[in-house]
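An overview of the molecular structure
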Amino acid sequence: LGHRSEPRDPQHRDASRCHQMSGQSTIPIKELLQSEWFSTDRLLLEHEAPSDLVISQIGGISNISAVQSNETIRLENSVRLALLLTKTFANYCDNIDSHHEEGCLDSICMEDFFVTLAGFGDSECDKNSDNENEDGTKLNVSENQITANVDGNDPLSAEITVAEDDVEGNEKSKHTQDYEEDNLQAGFFSSFDKMGADAYEKFFVKSSNANTFDDLRKGVSHAKIADTAAKKNKDTEGLELGMGYFSRLNDLSERQGHDYLSSGRVSLPTPEESATEKQRIVPYTESIPSSNQYKTLIGVDIISPASIASSKRNSYEANDDNKKIKLLGCVMYSVFNNGAAPPPHYFPSYIPEWTSQLDETSDSKSFDGGRKSKSPRPLEISIYSQLLDSNDNSFPTSICQLLSDMIDIGSDGKATNPFTSFHEIMQDLEEIKSQPNIFLHDNPNKSSGTTPSPPVFGRQYYGRTKELAQFMEVPNRLESTTTIDSLQFQHNRTSTEVIFVSGRAGSGKSRLLNKCSDFLSTQGWLVFSEKFNRGVEYQSQGILCSLFDKIVKKLIRMKVGDDQQDEEYSRRISKALSDSLDDSSLCSLAAYLPSIFELIDYNCKKQSAVEQANFSHWKLVFLLTQFMYVLLELDRPIMLVLDDLQWADASTINLVLGNILDSVSNSLYAHRILFVVLYRDNEVCDEHPLVAQLVRLRQSESVKIKEMPLSTFSKGDICSMIASELRLTTRIVAELGGIVHRKSSGNILFAVEVLNSMVRNSVIHFSLKLCRYQWDWDNISSLKTEENVASFIITTISTLQPKFLQTLRILSCFGYNIDVAILCLLDTSCIVPFGGIRNPLRYLVDIGIIEMAGSLVSFTHDLIQQHVYEGIALPQRQNLHFGIGVFLGSKTTFNAAATGPGIYSLEFGIDQMYISESKIDGDFIISERSLLSIATDHINCAGPEFIVDQKQRILFARWNLKVAKELSATSNFRCALHYYKKGIQFIGHDVWIHSNETGDQELCLDLYEGAAAASSATSDLATVEYFVNIVFRNVHFERSLNAWVILIVSLESSGKYAEILEKGVNLLRRLNFDIPASPPSPKEIKDSLVTTLRIASQFRIEHIKTSYHSTGILNQDKRNIHNKNLFKIFDAIVIATYNTSSPYLPLLAFEMMQYSLRNEFYEPEAAIAYAGFGYFNIMLRNDFKSGKYWANVALEMLKQYTISTAARVKWIIHAQIMIWFIPLEDTRRNLLEIAKTSMKLGDFLTEIYAIRLSSRCAFFGGENLSIFSQLNIRNLKNTVKYNTTQGTETAVLDQIMADELRGENSNPFKVFKGLINNEDDLFKRASLTNNTSSMMNVQYRRFFSSFWKGDYDAAESSSKVLLSLRMTNLLLIYFTFYRGLIAFRRYREDHSEDKLRNGFDVIIKIESWLQHSPSLFENKLLLLNAEEQASLPNIDKAKSLYLSSIKSAKDCGRVHEQGLACELMGQFLLTVANDRPQAMIHMKNAHTCYLQWGAFGKAAELAEEHGLDTSSVSPTGKSSKHARDVDIFY
């Protein structure tokens, strides 16, 4: 992307020596003219500044065409050489001006400049004379040109150099000293390969036998060759020899005089004379160059010593800059015309010898390269016109303009835009050089007599070079980021980068991104963009999914393409997706990205309705995030562009800038993706979700953002645009650009529309006479524009012909763009103008209002679409929409059978339709589903008030229902809700009254329940309640069960458990379940348990399995659906009773179990009943065997399902049942798997529950506290992300406990942002809202923290509160264990028999648990027994039990309980056995265990309390080293 310090190949490096002349610089001008570098097969290259190179590459304007002709290269090289000559001449003039008071272009400047040109050498010779010497030297001679080529090299390559020691060891001539005194470029001989004096003599001797003028000229040339060769080789003898012969030629010429010289007769030395020439050498310092040395690019002797002397005497008036420019213009003429001289009347009048000499040269080359010169032009004809009228028409119009504006100037000049300075000339040449495709190779030809197509402004990219470079810094930086080793990731990982480009409408945001995207695509980037539309926020999720589906489609094209690397990349992506996503996730992903199975060779098995119904927002988050992870793991950078994101809904903005971006930023390969957001900063307020995300990202550590606000375009940018489109240099269009800039206020869209209107109105038009564009200044001056772009667009469009205007209005009804296939279909209707839509479409494309790209026809800017659409009168607009909708809908079979389910398709194949072969390649197909959706959109835009007929309104309501159901099936609930609401508007509220008679009740019920379900999915509880209450009022109770399900589930998502319990119990009672109105008594619960046991005893697991497989997966009859809904209600009520510790919980579990067994309903929804039944077998009957049995039955029922219900039931089984039977480490791993599955399914509540319990398993299992802290922080982030207040509170409290043990303060309350600042605030808030779950969590935290601090009074106080609350079995186990230890300690303090009895009760309970999981309970029971013996007291037995407990904890790897046993034994030895030395040993061992656990705060407190010497203790306790690996001696 940046500047290369050296060209890539040696030839380019050689050519790149060419640079601007200044001071001691050296420029191989002649070498470039006549060497291979100026030949017709290579383009002369130059060093450019790094910024210029970057911008020229990004701008996409190539300096070298893909295929260039010889003439193409000659033109470009001529421009480069002309630029160098201009810089040189300007430098000379500046030097002269600084040495002469009058600053005139005097004879010294004239002489030196043309002496310098003499160094450039002769132009290319005619090929009509070809003589060869004995050594193979070819002499190509014409009367006016001489070129000698030896051994394939160029002997006349001249270096222009300023150096004091050009000729070492020789005294400088006065002529040379004059050059150096004026700091001019001196010397006119170039270096060449070795030739020496011998070669000179060969040429001279051969030439001396000739008598003709031409031979003399050859001799002069060869003398020059030998001299320069000797000069290069530092051969003093050869140099003197060469200059001696040269001097003799000069003497001969002067003796014979000009007349004799012209006659072609001259006496030259004989071979014998030349043999003794060394004895008669004329010193080099005395030699004076003759006129023959002043050969110029023009190819004739235009300057002689006589003319120089004359110019010195006369000192012509050259202080006028026009004369300098005109002189340079004549030289430029020769540069661009292969060295041919300009016509005599082009020459400056103040050089008479020049003019007269050229008049005498009748065969001097004319402009057309060898033909006779034209007669002097009449004064009334401009040079520009003469150049255009030349015979071969070889000059591009830009060069004609350049030469005319240089030569045809002054008081009698006719140049339209005369140059005023060398700076302007250099600017023009630089512009032509940088854009040769515009100014040199794509110019209209006057001889053709045809007018080119009118320019269309706005299609190309203009200006914003600074912003381009600024934008490209980011992908440049990302490309330079190397892959980081995963072990160094935490220290070296890069941030995800986001560029926010903001600006008003028409500021060029999209054009800027398109240009950068095009360039990055050529550099291997995968670039994808999507644009959000105004007024259709409900489509936002679909638009975002379309962006990701574009990625899939690109991969599919790569898979079947010809590029082997692309094919391999696509194959790797396909395999990685298959490996990272299971079958269920792939099927779910296909619902969002329909093209995925074209990429992955996999047939998705049919999902049940249950699985399809469980899609959710968070499932989409997971799937898209996993998709991005797969893409980023491979080695291609990706850029995702979100255009006009301010029009997306809040959910989509938070999804992409919150959930997806945050997830991607955690990837090791975050540097491989670049997000780009375009938005209109004047259309967002501080409360806008986009602004909120931007504020958040500014503070993010894992995401780096770059903000690029775009201002209005400068005058220079607009001039550049005009210059590029009109193929005129910026200098010529500057005044026009200034007017357009003022009228448009720098708004590029406004400027484009103004210019296009000028073209349409012929204010800007093409002149065949001048072969260029020109404009009418009178019309421009009187041109009136509106105050803003909107008004101007409306005014401009209103002037279009009716058929074009009608076409535009039809297009605007579809929004910003429309599929070509829809237009083709629409072209067969009566809606379009007479004659069809194709011709108007072509015209609108030609004038720049719309554009075509691929299968889409788009407005060139959405502002145009907006104002065209808003300019249509409302009745006409409604009529248009209605006509379009009816026509498109009539092409579906669903319309013909709207009362049925209807699988609609097109009545005829539109896949073969097309608009124009010249604009569209291939066929474009529109999906059947899209056709009905588009038709429905148009009917909705017309609105129900436009449609009077009730039958039609019912029909269109069914259309909306069909589209809404399809969107719900893909989890696009916000968009589905829009169509449900539209369908409700069409049927009206009165339809319920007569729905039974008309048979439309089912339609009404589907629309209202669908709207409620979609509202529930979007967490809009108020809207849910609105729709379901209407259902409750208008249908019988039996028909409203689905609405009840929606309401209960929505209440559960909102955490309103008390309301769920109240409504749920009443609902079950209405469904004839034996549920008491008030909380059940223990007897009622026991009676229900007995009944359930009796029914369950009649079944075996084999029977349940067989019956399940025979009725299960695809059983979708009404009865089965009724049962599913019923168990969904049960499920929600169970969760509510669990969270509120309600006594209804066991009763509900038993009722569910009975219903399932009686009705043989074994679907996954019923599994929760079996899990609950197993749980209460353990908790109420202490029957662990039965509990485990029914848990396994539930797991068997869930084997073939991955729905959210299955994940939740598995969580209950592992958290409440299996925890009694397997080690905590295994339980933790199982819970993490459940969390992972829940995340895939979008079931964030189960994910939070599973991670929370998993982290607590790590805590109570004795794993290093850093692991617990990491898991808990993950859970805290999830609860904040999912906005679950209760989950956040629990995670904060767990973190406080971890901080206290670790001796840290991470201030977790900061996540509440000042609403809750401490634990007391949290408890008060829970008390006020009667949130028993939050109060329990606070008490639980206080209990365990107080226990580890040794504050047994506070722990006992909290335990009394916790006894009345329900808790998970994990907390129950450790709460019971710690409560027993506290009871014995408190007994030793106050000798209360109640406390001793409480301790005994705990021992009995732990003993009953021991048989099910000895590894979990053995060390606990030993420690409780030790505390019991210490309380009796029985010292020896207590010591033995303490040591056994310590050993058991160590063997099980629970280092925290090992430390606890050591600490309690130490306290026992201090307070009961009075053995301080042994007590300190155990205290020190406890200190070591706590360090290994990571409880540095607890260890420090213990050391301080007992004065432990910790100097010998290694502070490496932060490692997670296992306790069993530590040696502790007793």
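Predicted model, so just to flag it, every value in this text is computed and none were measured.

1. Here we look at the overall build of the chain
When helices and strands are tallied, the chain shows 68 helices and 15 strands. For the chain, the proportion of its 1530 residues judged to be buried stands at 58%. Contacts spanning at least 24 positions in sequence make up 72% of the contacts within the chain whose residues lie at least 6 apart.

2. Regarding the nonpolar core
Core analysis: the largest hydrophobic core is formed by 296 residues, its most contacted members being Tyr-1170 and Tyr-1378. In this structure, Tyr-1378 is in contact with Phe-1260, Phe-1343, Phe-1344, Phe-1347, Trp-1348 and Leu-1460, ignoring residues within four places of it in sequence. Membership of the second largest hydrophobic core comes to 69 residues, among which are Phe-422, Ile-718, Met-758 and Ile-780.

3. Some remarks on the pairing of strand S14 (residues 850-853)
When S14 meets strand S15 (residues 856-859), the two strands line up antiparallel, connected through 4 bridges. Across the sheet, residue Ile-850 finds its bridge partner in S15, namely Phe-859.

4. Regarding the pattern of salt bridges
According to the stated counting rule, one finds 53 salt bridges in the structure shown. In this structure, Arg-838 engages Asp-827 in a salt bridge whose closest nitrogen and oxygen atoms are separated by 3.1 Å. Note that Arg-838 is positioned in helix H36 (residues 838-846) and Asp-827 in the loop between helix H35 (820-826) and H36, a separation of 11 residues in sequence. Assessed through its relative accessible area of 30%, Arg-838 is described here as partly exposed. Close ionic contact of Glu-1457 with Arg-1454 constitutes a salt bridge, the shortest N to O distance being 3.5 Å. In terms of burial, Glu-1457 and Arg-1454 fall into one category: buried. When salt bridges that share partners are traced, they join Lys-531, Arg-534, Asp-643, Asp-644, Arg-680, Glu-683 and Asp-862 into one network.

5. As for unusual backbone geometry
With omega at -10°, the peptide bond leading from Leu-1432 into Pro-1433 counts as cis. Mapped onto the secondary structure, Pro-1433 falls in the loop between helix H64 (1414-1431) and helix H65 (1435-1452). Positive phi values are uncommon outside glycine, yet Cys-771 reaches one of about 60°. For Cys-771, the position within the fold is in the loop between strand S11 (764-767) and strand S12 (772-775).

6. Some words on the packing of helix H22 (residues 564-580) against helix H26 (residues 617-633)
Close contact between H22 and H26 brings their axes to 9 Å; oriented N to C, the two are set at 140°. One finds that H22 runs oblique with respect to H26. When you trace H22 past H26, the crossing you get is right-handed. Residues Tyr-569, Ile-573, Ala-576, Leu-577 and Ser-580 of H22 form the contact with H26, whose participating residues are Phe-627, Val-630 and Leu-631. When grouped by side-chain class, the residues that make up the contact of H22 with H26 number 7 nonpolar, 1 polar and no charged.

7. Section: helix H27 (residues 650-665)
For an α-helix, 3.6 residues make a turn, and residues three or four places apart therefore share a direction. Its 16 residues place the ends of H27 21 Å apart at the C-alpha level, agreeing with the 22 Å of an ideal helix rising 1.5 Å per residue. For H27, the principal kink sits at Val-656 and spans about 25°. For H27, the buried fraction is high: 13 of the 16 residues fall into the buried class.

8. Structural notes on helix H16 (residues 422-434)
Its 13 residues place the ends of H16 18 Å apart at the C-alpha level, agreeing with the 18 Å of an ideal helix rising 1.5 Å per residue. Turning to H16, its buried residues are Phe-422, Ile-425, Met-426, Asp-428, Leu-429, Glu-431, Ile-432 and Lys-433.

9. A few points about the sheet that holds strand S10 (residues 703-709)
A sheet is described by the order of its strands in space; here 5 strands give the open sequence S7-S8-S9-S6-S10, paired in parallel fashion. Strands at the two margins of the open sheet, each flanked by one partner only, are strand S7 (526-531) and S10. Between one strand and the next, the sheet's axes are offset by a mean angle of 15°, whatever the strand orientation. The pairing of strand S6 (residues 496-502) with S10 spans 7 bridges and is parallel.

10. Points about the packing of aromatic side chains
Across all of its chains, the model carries 53 aromatic pairs by this definition. Considering the side-chain rings of Phe-1259 and Phe-1268, the 5.2 Å spacing of their centres and the 50° angle between planes classify their relative orientation as tilted. Taking the relative accessible area as the measure of exposure, Phe-1259 reaches 1% and is therefore buried. When the centroid spacing of 5.0 Å and the interplanar angle of 55° are considered together, the rings of Phe-1343 and Phe-1375 count as tilted. With Phe-1343 in helix H60 (residues 1332-1349) and Phe-1375 in helix H62 (residues 1369-1390), this pair connects stretches of sequence that are 32 residues apart. Classification of Phe-1375 by relative accessible area gives buried; the value is 3%. A cation sits over an aromatic face here: Lys-531 above Tyr-816, 5.0 Å from the ring centre. The aromatic ring of Phe-1221 is capped on one face by Lys-1188, whose charged end is 5.0 Å from the ring centroid.

11. A few points about the side chain of Lys-982
By the secondary structure assignment, Lys-982 is in helix H42 (residues 973-987). Lacking a salt bridge, the buried Lys-982 has Glu-945 as its closest oppositely charged neighbour, with an N-O distance of 7.5 Å.

12. Description of the sheet that holds S15
If you walk across this open sheet you meet the 3 strands as S13-S15-S14, and the pairing is antiparallel. With partners counted over all chains shown, the strands left at the sheet margins are strand S13 (817-819) and S14, one partner each. Put simply, the sheet's adjacent strands are angled 20° from each other on average, direction ignored. In terms of strand pairing, S13 meets S15 through 3 bridges, oriented antiparallel. Looking across to S15, one finds that Asp-819 is bridged to Leu-856. Taken strand by strand, helix H34 (residues 802-812) contacts S13, S14 and S15, and its axis lies near 105° from that of S15.

13. Some remarks on the confidence of the model for the chain
Here the chain averages 74 in pLDDT, and 69% of its residues register 70 or above. Here residues 606-614 scores under 50 on pLDDT; set against residues more than four positions off or in separate chains, the count is 17 contacts. Every residue in residues 896-924 scores below 50 in pLDDT, and together they form 59 contacts with partners more than four places removed in sequence or on other chains.

What counts and what doesn't
- Residues numbered from 1 in each chain as written.
- Predicted model: local features only at pLDDT ≥ 70, side-chain atom pairs only at ≥ 80, totals over all residues.
- Heavy atoms only, no water.
- Helix = DSSP H or I, 4+ residues; strand = E, 2+ residues; numbered from the N terminus.
- Buried < 20%, exposed > 50% of the residue type's maximum accessible area, 1.4 Å probe, protein only.
- Contact = heavy atoms within 4.5 Å.
- Core = buried A, V, L, I, M, F, W, Y, C linked by side-chain atoms within 4.5 Å.
- Pairing = 2+ DSSP bridges.
- Salt bridge = Lys/Arg side-chain N within 4 Å of Asp/Glu carboxyl O.
- Axes fitted to C-alpha atoms, helices over the stretch in contact; angles between N-to-C directions.
- Parallel < 35°, antiparallel > 145°, perpendicular 65-115°, else oblique.
- Left-handed = near helix turned anticlockwise from the far one by under 90°.
- Nonpolar A, V, L, I, M, F, W, Y, C, P; charged D, E, K, R; others polar.
- Expected span 1.5 Å × (residues − 1).
- Bend = angle between axes of the 7 residues up to and from the residue.
- Phe/Tyr/Trp six-rings, centres within 6.5 Å; stacked < 30°, edge-to-face > 60°.
- Lys NZ or Arg CZ within 6 Å of the ring centre and 35° of its normal.
- Lys, Arg positive; Asp, Glu negative; His and termini not counted.
- pLDDT = per-residue confidence, 0-100.

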